[in-house]
Amino acid sequence: MHYAKGVEELLGPADMGTMSGLEFMQGILEGRLPAPPIGKTLGYQLHAVEEGRVAFRGTPTFDVCNPLGSVHGGWYGTLLDSAMACAVQTRVPRGAAYTTLEYKINIIRGIPLDHEVECVGEADHVGRSTGIAHGEIRGVEDGRLYATGSTTCIVLNLPRG
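Every value quoted in this text rests on a predicted model; they were computed, and no experiment measured them.

## A short note on the nonpolar core
Ranked by internal contacts, the top residues of the largest apolar core, which has 40 residues, are Phe-24, Phe-56, Leu-79, Ile-111 and Ile-137. If you list the elements that add at least two residues to this core, you get α2 (21–29), β1 (44–50), β2 (53–58), α4 (73–89), β3 (96–107), β4 (117–126), β5 (130–139) and β6 (145–157). Sort the elements by how many residues they give to this core and α4 lands first, with 10 residues. Apart from the residues lying within four places of it in its own chain, the contact partners of Ile-137 are Tyr-76, Leu-79, Leu-80, Ile-111, Val-117, Glu-118, Cys-119, Arg-144, Leu-145, Tyr-146 and Ala-147.

Written out as structure tokens, the structure is:
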């Protein structure tokens, strides 16, 4: 496997291009491919993958609080960006990948600290050059809606070999 320059734990574009986006995401879920380090940093992990749909689960801790002591909006945004963009990735063909072009979130209520949430992203459209998805964060135990989001991703051709 070829790894991204300077980042030994992540696959490089040439290796990513040998599999479909769905195969890539399934490889991460199954532990055959490395998970992105942002999940470890912010306390969330990939939970489920299917074509057009991805779920992450996480539990915000004091380390992700803003100065007011509540969960920082960036935590919501990062979690939603991961789920929505990875949902797009599951519909990207072999030889291509995605990157987020823009995303928007709506925080509905504060997530209590140490409260496990699930963030589901669903792809609405993935074409040759763009992908669109939406997502939501809900409590695992209480089912309450904490935030929603939407994204536009650009679909890129990866270098071969």
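## Some words on α2
For α2, the complete set of buried residues consists of Gly-21, Leu-22, Phe-24, Met-25, Gly-27 and Ile-28. Those residues of α2 that are buried are in contact with α1 (13–16), β1 and α4. Just beyond α2, the residue with positive phi is Gly-31, at close to 80 degrees.

## Digging into the side chain of Thr-152
Tracing the sequence through the fold places Thr-152 in strand β6. Owing to a relative accessible area of 18%, Thr-152 belongs among the buried residues under this scheme.

## Looking at the sheet that holds β4
The strand order β1-β2-β4-β5-β6-β3 describes an open sheet built from six strands, whose pairing is antiparallel. Two strands in the sheet have a free side with no partner beyond their single neighbour: β1 and β3. Put simply, the sheet's adjacent strands are angled 20 degrees from each other on average, direction ignored. As paired strands, β2 and β4 are joined by six bridges and run antiparallel to one another.

## A short note on a nonpolar patch on the surface
Among the surface-exposed residues, Leu-101, Ile-154 and Leu-156 lie close enough to one another that they form a single nonpolar patch of about 250 Å² accessible area. Along the chain, Ile-154 turns up in strand β6. The partly exposed category is assigned to Ile-154, whose relative accessible area is 30%.

## Here's the deal with α4
An α-helix turns once every 3.6 residues. As a result, residues three or four positions apart point the same way. With 17 residues, α4 ought to run about 24 Å at 1.5 Å a step, and its terminal C-alpha atoms sit 24 Å apart, in line with that. In terms of burial, α4 is largely enclosed, as 13 of its 17 residues are buried.

Calculation criteria
Residues numbered from 1 in each chain as written. Predicted model: local features only at pLDDT ≥ 70, side-chain atom pairs only at ≥ 80, totals over all residues. Heavy atoms only, no water. Core = buried A, V, L, I, M, F, W, Y, C linked by side-chain atoms within 4.5 Å. Buried < 20%, exposed > 50% of the residue type's maximum accessible area, 1.4 Å probe, protein only. Helix = DSSP H or I, 4+ residues; strand = E, 2+ residues; numbered from the N terminus. Contact = heavy atoms within 4.5 Å. Pairing = 2+ DSSP bridges. Axes fitted to C-alpha atoms, helices over the stretch in contact; angles between N-to-C directions. Patch = residues over 30% accessible without salt bridge, like charges linked within 9 Å, V, L, I, M, F, W, Y side chains within 5 Å. Areas by Shrake-Rupley, 256 points an atom, 1.4 Å probe, with all protein chains shown as cover. Salt bridge = Lys/Arg side-chain N within 4 Å of Asp/Glu carboxyl O. Expected span 1.5 Å × (residues − 1).

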